[in-house]
Amino acid sequence: MLSEKTTLPSQANGTDPVRTSPYQDSVAAYWNAERNPVNLRLGEVDGFYHHHYGIGEPDWSVLEGPQDTREERTVRELHRLESVQAQLLADHLGPIPADGRLLDAGCGRGGGSLVANRRFGCRVDGISISSHQVDFANQQAKEHGVDDKVRFHLRNMLDTGFETAAFDGIWNNESTMYVELGLLFAEHARQLKRGGRYVTITGCYNDTYGLPSRAVSEINAHYICDIHPRSTYFKEMAANRLVPVSVIDLTAATLPYWELRARTHLTTGIEKSFIDAYKDGSFQYLLIAADRI
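Computed from a predicted model, the values in this text were never measured in an experiment.

Enquirer: Explain the overall build of the protein chain to me, please; I cannot follow it from the model alone.
Expert: If you tally the helices and strands in the protein chain, you get eleven helices and seven strands. The C-alpha radius of gyration of the protein chain comes to 18 Å, within 12% of the 19 Å expected for a compact globule of 293 residues. With the C-alpha coordinates aligned to their principal axes, the bounding extent of the protein chain is approximately 55 × 45 × 40 Å. When burial is assessed residue by residue, the protein chain has 57% of its 293 residues classed as buried. For the protein chain, long-range pairs separated by at least 24 residues make up 79% of all intrachain contacts whose partners lie at least 6 apart in sequence. Here the protein chain has roughly 12200 Å² of accessible surface; of this, 52% comes from carbon and sulfur atoms. With 30 positive and 38 negative side-chain charges, the protein chain shows a spacing of 3 Å between the two charge centroids.

Set out below in C-alpha cells:
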C-alpha cells in the first residue's frame with residue numbers, strides 16, 4: 001500500500017501546468033493535502049479508494065456490540081455503501097466492450113476507475129488536477145495488476161488534451177461542482193463518440209427554493225466548491241448534445257449514509273450540513289445519464 005507520506009515525482013517538481021486559475025490552484029492544494037480517514041480507512045478495506053458518498057440502507061447493528069471492534073465494523077459498512085454507489089454509476093454506463101475506453105473525470109484516488117475496469121475489462125483513463133491523487137491512484141492500479149489498462153493523468157477536465165471521439169463513456173462522480181458546466185459538457189461532448197454515454201452523480205441545489213441555503217453554502221465552503229443549481233445541468237447538457245436518458249433522485253437513498261457517518265469516529269464536521277440540506281429539500285443528490293447525439 002502506498003504511504004500517504006510518500007514524496008512522488010509530480011509532487012516534488014513544484015510545477016503543475018494543468019491549473020489555469022487561482023481557484024484551481026486552491027482546489028489542487030486542498031486535495032493534495034487532504035488525508036481524511038473517511039477516505040483512507042474505507043479504501044483500506046479492499047484497495048478501492050473512493051471520494052464520494054454512499055447509498056442504501058445501512059446495517060445499523062454495526063453501532064452495537066463490542067466496543068473494541070466497532071471501528072472496524074463501521075468502516076466496512078460505510079465502505080459497502082460507497083461501493084454500492086460506484087456500482088450504480090457503472091450500471092448506467094451501459095454495455096461497454098472490452099476494447100472500449102472510458103474517462104473518469106475528477107478521479108480522486110482512483111477507486112471508480114478500478115471498479116469500471118473490473119466490470120468491463122476495458123481501458124480507463126482517470127484525470128485530476130491533484131498530483132497527489134494521480135500518483136496515489138497510479139500506484140493502486142499497479143497493486144491491482146491493471147496498470148496496463150488503467151492509467152491516471154495530471155490533466156484539467158476542461159481541456160484534457162485527449163483526442164476527439166476517443167471515449168465510449170465518460171463520468172463525473174461528485175466532481176462537477178469544481179468547474180463551469182458549460183465548459184465541462186462541451187469538452188465531454190467533444191471526447192465522446194457519437195452515441196457514447198455520459199453519467200454524473202452529483203449534489204445540486206434545488207433552485208425552486210431560490211438561492212443556495214445556508215447548509216449548501218457551508219458545504220461549498222468546506223470543500224472549496226461551487227454547487228450548481230439543478231436546472232443548470234439540464235440546460236448545459238441540452239446545449240452540448242447530451243440528451244438525458246435516465247434521471248434518478250438519490251436523495252433519500254444517500255441520507256442514511258450521512259446519518260450513520262454522523263454517529264461514527266469518521267466525522268469531518270460537515271455531516272450536519274448535508275443532513276439538514278437533504279431534509280429541508282434545498283439540496284438533492286442526482287444521477288443523470290445522457291447519450292451524446
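Having seen the structure, we can now continue with the description.
Enquirer: Hey, could you run me through the sheet that holds strand S5 (residues 192-205) in this one?
Expert: Sheet strands pair via backbone hydrogen bonds, and the direction of the pair is either parallel or antiparallel. With respect to topology, seven strands assemble into an open sheet ordered S3-S2-S1-S4-S5-S7-S6, the strand pairing being mixed. At either margin of the open sheet sits one strand with a lone partner, and together these are strand S3 (150-154) and strand S6 (242-249). Taking the axes of each pair of neighbouring strands and ignoring which way they run, one obtains an average angle of 15° across the sheet. Examined bridge by bridge, strand S1 (residues 101-105) and strand S4 (residues 167-173) share three bridges and lie parallel to one another. The residue of S4 that forms the bridge with aspartate 104 is tryptophan 171.

Enquirer: Looking at this structure, how should I read the pairing of S3?
Expert: Within a regular strand, side chains alternate between the sheet's two faces. Where strand S2 (residues 123-128) lies against S3, five bridges are found, and the strand directions are parallel. If you follow valine 124 over to S3, its bridge partner there is valine 150. In this view, the connection linking S2 to its parallel neighbour S3 by way of helix H6 (residues 131-143) has right-handed handedness.

Enquirer: Sorry if this is basic, but what is going on with the pairing of strand S7 (residues 283-292) here?
Expert: Burial within S7 is extensive, with nine of its ten residues counted as buried. As paired strands, S5 and S7 are joined by nine bridges and run antiparallel to one another. Pairing of tyrosine 198 across the sheet is with alanine 290, part of S7. In this sheet, S7 lies alongside S6 in antiparallel orientation, the contact comprising seven bridges.

Enquirer: Even after reading the chapter, I still don't get helix H8 (residues 214-223), so can you show me in this structure?
Expert: Since the α-helix advances by 3.6 residues per turn, residues separated by three or four positions end up pointing in the same direction. Looking only at H8, the buried set comprises Ala215, Val216, Ile219, Asn220 and Tyr223. The arc that holds every buried residue of H8, seen down its axis, measures 150°, which confines them to one face. Among the exposed residues of H8, those oriented more than 90 degrees off its buried face are Arg214 and Ala221. Looking at the buried positions of H8, the neighbouring elements they touch are helix H2 (22-33), S5, helix H10 (251-261), helix H11 (271-280) and S7. Just past H8, the residue isoleucine 224 takes up positive phi, approximately 55°.

Rules behind the numbers
As a convention, each chain's residues are numbered from 1 in the sequence order in which they are written. pLDDT decides what is reported in this predicted model: residues at 70 or higher carry local features, side-chain atom pairs at 80 or more are listed and counted, and totals for whole chains, interfaces and linings draw on all residues regardless. Neither water nor hydrogens contribute to the side-chain values; these are computed over all heavy atoms in the structure. Helix and strand definitions follow DSSP, with helices as H or I runs of at least four residues and strands as E runs of at least two, each counted in order from the N terminus. For a compact globule the rule gives 2.2 Å times the number of residues to the power 0.38, and the radius of gyration it is set against comes from C-alpha atoms. For every residue, the accessible area obtained with a 1.4 Å probe (protein chains only) is divided by the maximum for its type, and the residue is called buried under 20%, exposed over 50%, and partly exposed between those limits. A contact between two residues is defined here by any heavy atoms of the two lying within 4.5 Å. To be clear on the numbers: accessible area is Shrake-Rupley with a 1.4 Å probe, and residue cover counts the displayed protein chains and nothing else. In this charge count, Lys and Arg are treated as positive and Asp and Glu as negative; neither His nor the chain ends contribute. A charged residue contributes its charge at one atom only: NZ of Lys, CZ of Arg, CG of Asp or CD of Glu. Between any two strands, pairing holds if DSSP finds at least two bridges. The axes used here are C-alpha line fits, helices contributing only the stretch in contact, and every angle between their N-to-C directions lies in the interval 0 to 180 degrees. Think of it like this: strands point away, you trace from the first strand over the helix to the second, and a clockwise trace means the crossover is right-handed. Starting at the helix axis, one direction is taken to each C-beta atom, and the arc is that of these directions.

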